[in-house]
Amino acid sequence: MFDRLESVEGRYEELNELLSDPEVVSDTKRLMKLTKEEAAIRETVATYRRYKEVSQDISDTEEMLGEKLDAEMAEMAKEELNDLKKEKTEIEEKMKVLMLPKDENDDRNIIMEIRGAAGGDEAQLFAGTLFNMYQKYADAQGWRTEVLDANITGIGGYKEITLMITGDNVYSKLKYENGAHRVQRVPSTESQGRIHTSTATVVVMPEAEEVELDLPDKDIRTDIYHASGAGGQHVNKTASAVRLTHLPTGIAVAMQDERSQIKNREKAMKVLRARVYDHIQQAAQSEYDAERKSAVGTGDRSERIRTYNYPQSRVTDHRIGLTIQKLDQILSGKLDEIIDALILNDQTAKMEQLQHEE
């Protein structure tokens, strides 16, 4: 580990020199890439440097204790040595986590898509419940939520809703929400009081900046058409709806939420860039997993990841076998207990993978 830490420290010093180079500063794309790399290893380097300071202080204090000291000075030195050794152990544990393979997307904003799946009206109502849950969680984190597009049903649910969440390290916490979410509850329309099971799917995609992912105009087909469905007075009166299709992948995004064709195109482009970037990332992850014969990460998107059981006020995350009897709190956006457990599980799996490979 220490050889790798020395290497990281050397790279950090090299990056700081490059970031003051006028040639690099004038190249926006390269500057952004190097700035993100520097930021990604900054804490690791600071922790390693503190580790070396503490190790040196321990050595100096032990040497001092080998000399003739009066009783008071010896007691103070012993106390300081104990504190230093404790700090060294804590730093070693922190360094192990910091040296785990990084997800380059962890500090990104996200685009999230929530869809009602199996269960008709009840599934679409549950999609709305999940949207409210994530919105409240985002508010608690100090993040900003913007609805990019929404297909609202007559009873107040969502066939599909697309939102963007911006803030610090959004993807690092919400990437684990990918998958099928299952709800077990008695629908308000059920006269017999029978419990129904429905599902909604959640897709979390890291936002991709224009400078990072170039989508040439020749690769994008643009279709303009009249908006339809709920959407206000402009519906069917102006050709404001936009559909963008990325020809190489076949990925398409339609947007009609705004009155302006230009605004709809801007929103559609954000989502399209995220979907194409995500498509590339998923392909790379699949290849990596196939090579390692072991998948460590957010899991298959078709996987049922969590069940929300209303009668028993229970939430179960099936990936880690975690069950919490706090359904109301979870749905009010208090997701920290689940997300922290998922992060810890991911880190543990990565640590085991590293030890196995070493």
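About the thresholds
Residues numbered from 1 in each chain as written. Predicted model: local features only at pLDDT ≥ 70, side-chain atom pairs only at ≥ 80, totals over all residues. Heavy atoms only, no water. UniProt positions renumbered as here; feature names shortened; annotations may be inferred. Helix = DSSP H or I, 4+ residues; strand = E, 2+ residues; numbered from the N terminus. Buried < 20%, exposed > 50% of the residue type's maximum accessible area, 1.4 Å probe, protein only. Contact = heavy atoms within 4.5 Å. Areas by Shrake-Rupley, 256 points an atom, 1.4 Å probe, with all protein chains shown as cover. Pairing = 2+ DSSP bridges. Axes fitted to C-alpha atoms, helices over the stretch in contact; angles between N-to-C directions. Core = buried A, V, L, I, M, F, W, Y, C linked by side-chain atoms within 4.5 Å. Expected span 1.5 Å × (residues − 1). Bend = angle between axes of the 7 residues up to and from the residue. Phe/Tyr/Trp six-rings, centres within 6.5 Å; stacked < 30°, edge-to-face > 60°.

With an unreviewed UniProt entry as reference, the protein is termed Peptide chain release factor 1, source organism Carnobacterium viridans. Taken verbatim from the UniProt record of the protein, the Sequence similarities (unreviewed entry) comment is "Belongs to the prokaryotic/mitochondrial release factor family."

(A) Representation of the overall build of the protein. Of the regular secondary structure elements, the protein holds 9 helices and 11 strands. A buried classification covers 38% of the 358 residues belonging to the protein. Long-range pairs, those at least 24 residues apart, make up 61% of the contacts in the protein with a sequence separation of at least 6. As displayed, the protein offers around 19700 Å² of accessible surface, 47% of which is attributable to carbon and sulfur atoms.

(B) Region of interest: the sheet that holds strand β6 (residues 220-225). Read across the sheet, 3 strands follow the order β6-β7-β8 without closing on themselves; strand pairing throughout is antiparallel. Bordering the open sheet on either side are β6 and β8 (251-255), each of which pairs with just one other strand. Between one strand axis and the next, the sheet turns by 15 degrees as a mean value, whatever way the strands run. Looking at chain direction, strand β7 (residues 241-246) and β8 are connected through 5 bridges and run antiparallel. Note on β8: the bridge partner recorded for V242 is M255.

(C) Region of the structure containing unusual backbone geometry. Phi is positive for N169, which is not a glycine, with a value near 55 degrees. Mapped onto the fold, N169 is located in the loop between β3 (158-166) and α6 (170-174). Since its relative accessible area comes to 37%, N169 is described here as partly exposed. Phi is positive for S313, close to 50 degrees, though the residue is something other than glycine. On the secondary structure map, S313 appears in the loop between β9 (304-309) and β10 (314-317).

(D) Local environment of the nonpolar core. Counting 34 residues, the largest nonpolar core has M112, I114, L130, Y134, L174 and Y308 as its most contacted members. For this core, the elements supplying multiple residues, two or more each, are β1 (110-116), α5 (120-141), β3, α6, β5 (196-206), α8 (327-331) and α9 (336-357). Of the residues forming this core, the biggest block, 8 residues, is contributed by α5. For L174, the contacting residues outside a window of four places in its chain are I110, M112, Y134, Y137, W143, I165, V204 and I339.

(E) Representation of helix α3 (residues 28-65) within the structure. Across its 38 residues, α3 extends 55 Å between first and last C-alpha, which sits within 8% of the 56 Å expected from 1.5 Å per residue. Largest kink in α3: about 40 degrees, centred on I41. Considered for burial, the residues of α3 that qualify are L34, E38, I41, T44, V45, T47, Y48, Y51, V54, I58 and T61. Contacts from the buried residues of α3 go to α1 (2-18), α2 (22-25) and α4 (71-98).

(F) Local environment of the sheet that holds strand β11 (residues 322-324). One open sheet holds the 8 strands; their spatial order is β2-β3-β1-β5-β4-β9-β10-β11, and the pairing between them is mixed. Of all the strands in the sheet, just β2 (144-152) and β11 have a single pairing partner and so form its edges. The average angle at which neighbouring strand axes cross in this sheet is 15 degrees, direction not considered. Of the strand pairs in this sheet, β9 and β10 are connected by 4 bridges, and their pairing is antiparallel.

(G) Spatial organisation of the packing of aromatic side chains. Within this structure, the stated rule accounts for 3 aromatic pairs. Seen from their ring centres, F126 and Y308 are 5.5 Å apart, and the 65 degrees between their planes marks the pair as edge-to-face. Of the two residues, F126 sits in helix α5 while Y308 sits in strand β9, which places them 182 residues apart along the sequence. An identical accessibility class is assigned to F126 and Y308; each is buried. For the ring pair Y137 and W143, a centre distance of 5.6 Å and an interplane angle of 80 degrees mean the geometry is edge-to-face. Overall, Y137 belongs to the buried group, its relative accessible area being 1%.

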